[in-house]
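Topology and contacts: notes
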Amino acid sequence: MNKPLNHLGPYVIEGELGRGGMGVVYQATDTRLGRLVAIKSLHDQVVNNPESLARFEREARALAALNHANIAGIHGIEKDGDNHFLVLEFVDGETLAERLGRGPLPVTEALEICSQIAAGLEAAHEAGIVHRDLKPANVKITSDGRVKVLDFGLALMAVPTATAQPADETQELAARQLATSAGTLLGTVPYMSPEQARGEAVDKRSDIWSWAVMVLECLTGENPFAGRTSSDTIAAILTKEVDLTALPAATPPMVVPLLRKCLQQDTRSRLRDAGDLRLLLEDCRNEIPTDTGPELKRAAIVDKTFLIDDEACRSLDKEGFDPHLIGWQMQYADNERPSDLLQVWIPSFGEDHSMGIWRDLLASSPYRTIVATPVGLEPKAAYRPKISMANQLALLRRLVISVAAQAKPNKVVVGGFS
């Protein structure tokens, strides 16, 4: 399906979310239920290919078998004329790949995200499903910190043996993957397990390898196996021993043996259960120190935005409501300091989070601290929406809840508004 679409059956196409070797993913509105959905439709060149259709239906079966908070769900599989498409849960947020594009994650945030990914994998593996294409681009993070694993297009139903499918079928699929473009390869190959890179049969231990590679990338900002070409990358996967001394100093010591166990070349020596993986990671997270001590280094400051969506606006006072608020990006700065306390500061009117006094506070604070500019007070705003104090506070409260959901502090302190 290469032509621009306006609708598919009862679904009004709102825009394109992404595309890959199998097809295009659109954001759409279900006119029957009035909700946003994601539509995954096949390319014209593969829609009549029996193998492609079989894989498309396999994804539908895999997703339909799963019902978990950390897995993007499926609403149905439908057909409109010659167009076959999946109707999927729409997940609003950025992918982990997009987040990593800004650099490595703070240790606390990285382990929280990877813990939720492990919980999703645990549910999939218990249902007999191996994802087999786990990578940052297939993980989304919502505004409230919820992590969703996406795209089970390469998922396969496991069988109760050491292999997940006959080796020759796996080899054929691997060959098809290696025949794709270099761009597509480099988006997937660096996360392949050794057995997958060799075209051998895979099981849930392949997902555990891919998960560990993502943990390393979250903590260091780099994929340990990525090479200049796909061949270089595969060679590194098959031969390279990962240097775990490159982890940040704040990484809990137990993370090192956990990753080493996940990255064993021999599957017989590799950690084999995502449930055990999740529990071990929880133990690692409990090791993170909450007292930064007297020799506190100045924190890096990250400028961020918080999307004010339809759901947030529905909770506002409708008297004098400005529709421009829908889709507004509330601006704030975050020092991302691991801490049991979250400080939230609201600048006085006429000030904003970019001013030096607030930047100094963020950099020197020993606690996780954010400074949020109230809606409409941004110094370079092209339009300033009309908003009551009650609605201003309601939106700030939503921002605080979103940040707290990621930081998981024991206490939140809010100050400001002189």
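Everything here concerns the structure above.
Residues numbered from 1 in each chain as written. Predicted model: local features only at pLDDT ≥ 70, side-chain atom pairs only at ≥ 80, totals over all residues. Heavy atoms only, no water.

Our next topic: the packing of aromatic side chains. As enumerated under the stated definition, the model contains 2 aromatic pairs in all. For the ring pair tyrosine 11 and phenylalanine 85, a centre distance of 6.0 Å and an interplane angle of 85° mean the geometry is edge-to-face. Taken as a pair, tyrosine 11 in strand S2 (residues 11–19) and phenylalanine 85 in strand S6 (residues 83–89) lie far apart in primary sequence, 74 residues in all. Each member of the pair, tyrosine 11 as well as phenylalanine 85, is classed as buried. (Phe/Tyr/Trp six-rings, centres within 6.5 Å; stacked < 30°, edge-to-face > 60°. Helix = DSSP H or I, 4+ residues; strand = E, 2+ residues; numbered from the N terminus. Buried < 20%, exposed > 50% of the residue type's maximum accessible area, 1.4 Å probe, protein only.)

Once that is clear, we can look at the sheet that holds S2. Across the sheet, which stays open at both edges, the 6 strands sit in the order S1-S2-S3-S4-S6-S5 with antiparallel pairing between neighbours. Edge strands, defined here as strands with exactly one partner in the open sheet, are strand S1 (7–8) and strand S5 (74–80). (Pairing = 2+ DSSP bridges.)

With that settled, consider the sheet that holds strand S9 (residues 139–142). Taken in spatial order, the 3 strands make up an open sheet running S7-S9-S10, and their pairing is antiparallel. Since the sheet does not close on itself, it has two edges, and those belong to strand S7 (93–95) and strand S10 (147–149), each with one partner. This sheet shows a mean twist of 25° between the axes of neighbouring strands, independent of strand direction. The pairing of S7 with S9 spans 3 bridges and is classified as antiparallel. Counted as the bridge partner of glycine 93 is threonine 142 from S9. (Axes fitted to C-alpha atoms, helices over the stretch in contact; angles between N-to-C directions.)

This part is about the state of the cysteines. Applying the stated criterion across every chain, the model contains 0 disulfides. For the unlinked cysteine cysteine 218, the closest cysteine sulfur is that of cysteine 114, found at 4.1 Å. (Disulfide = S-S within 2.5 Å.)

By secondary structure assignment, the location of proline 347 is in the loop between strand S14 (341–346) and helix H13 (356–364). Remark: the alpha-carbon pair of proline 347 and glycine 415, spanning 68 residues in sequence, is separated by 8.8 Å.

The side chains of a regular strand alternate between both faces of the sheet. Of the two faces of S9, both are covered, the one formed by Val139 and Ile141 as well as the one formed by Lys140 and Thr142. Both S9 and S10 contribute to a ladder of 3 bridges, which runs antiparallel. Bridge pairing in S10 links valine 139 to valine 149. Between S9 and the antiparallel strand that follows it, S10, lie 4 residues; glycine 145 among them carries a positive phi value of about 90°.

Turning our eyes to something else, we now look at the pairing of strand S13 (residues 329–334). Where strand S12 (residues 302–307) and S13 come together, 6 bridges link them in antiparallel fashion. When the bridges of S13 are listed, lysine 304 appears paired with tyrosine 332. Where S13 meets strand S15 (residues 368–372), 3 bridges bridge the pair, whose relative direction is antiparallel. Looking across to S15, one finds that tyrosine 332 is bridged to alanine 372.

Let us now look at the nonpolar core. If you look at the biggest cluster of nonpolar residues, it comprises 65 residues, and the most contacted ones within it are Leu96, Ile117, Phe152, Trp211 and Leu259. Setting aside anything within four residues of it in sequence, one finds tryptophan 211 in contact with Cys114, Ile117, Ala118, Leu121, Leu134, Leu258, Leu259, Cys262, Leu277 and Leu281. Ile308, Leu325, Val375 and Val400 belong to the second-largest nonpolar core, a separate cluster that totals 21 residues. (Core = buried A, V, L, I, M, F, W, Y, C linked by side-chain atoms within 4.5 Å. Contact = heavy atoms within 4.5 Å.)

Another aspect to go through is the packing of helix H8 (residues 204–220) against helix H10 (residues 255–262). Following both chains from N to C, one finds H8 and H10 inclined at 140°, their axes separated by 8 Å at the closest point. In terms of axis orientation, H8 runs oblique to H10. In this structure, H8 meets H10 at a crossing whose hand is left-handed. Where H8 approaches H10, its residues Ile208, Trp209, Trp211, Ala212, Val215, Leu216 and Leu219 are matched on the opposing element by Val255, Leu258, Leu259 and Cys262. A per-class count over the contact of H8 with H10 returns 11 nonpolar, no polar and no charged. (Parallel < 35°, antiparallel > 145°, perpendicular 65-115°, else oblique. Left-handed = near helix turned anticlockwise from the far one by under 90°. Nonpolar A, V, L, I, M, F, W, Y, C, P; charged D, E, K, R; others polar.)

A separate point is the pattern of salt bridges. All told, the structure shown has 20 salt bridges when counted by the stated rule. Close ionic contact of glutamate 200 with arginine 198 constitutes a salt bridge, the shortest N to O distance being 3.1 Å. Each of the salt bridges in this network shares a partner with another, and the network as a whole consists of Arg99, Glu109, Lys304, Asp334, Glu336 and Arg368. (Salt bridge = Lys/Arg side-chain N within 4 Å of Asp/Glu carboxyl O.)

Once that is clear, we can look at the packing of helix H4 (residues 107–126) against helix H11 (residues 274–285). The N-to-C vectors of H4 and H11 enclose an angle of 160°; their axes lie 8 Å apart at closest approach. Considering the angle they form, H4 stands roughly antiparallel to H11. Crossing geometry of H4 relative to H11 is assigned as left-handed. Between H4 and H11, the contacting residues are Leu111, Glu112, Cys114, Ser115, Ala118, Ala119, Leu121, Glu122 and His125 on the first element and Ala274, Gly275, Leu277, Arg278, Leu281, Glu282 and Arg285 on the second. Residue classes in the contact of H4 with H11 are distributed as 8 nonpolar, 3 polar and 5 charged.

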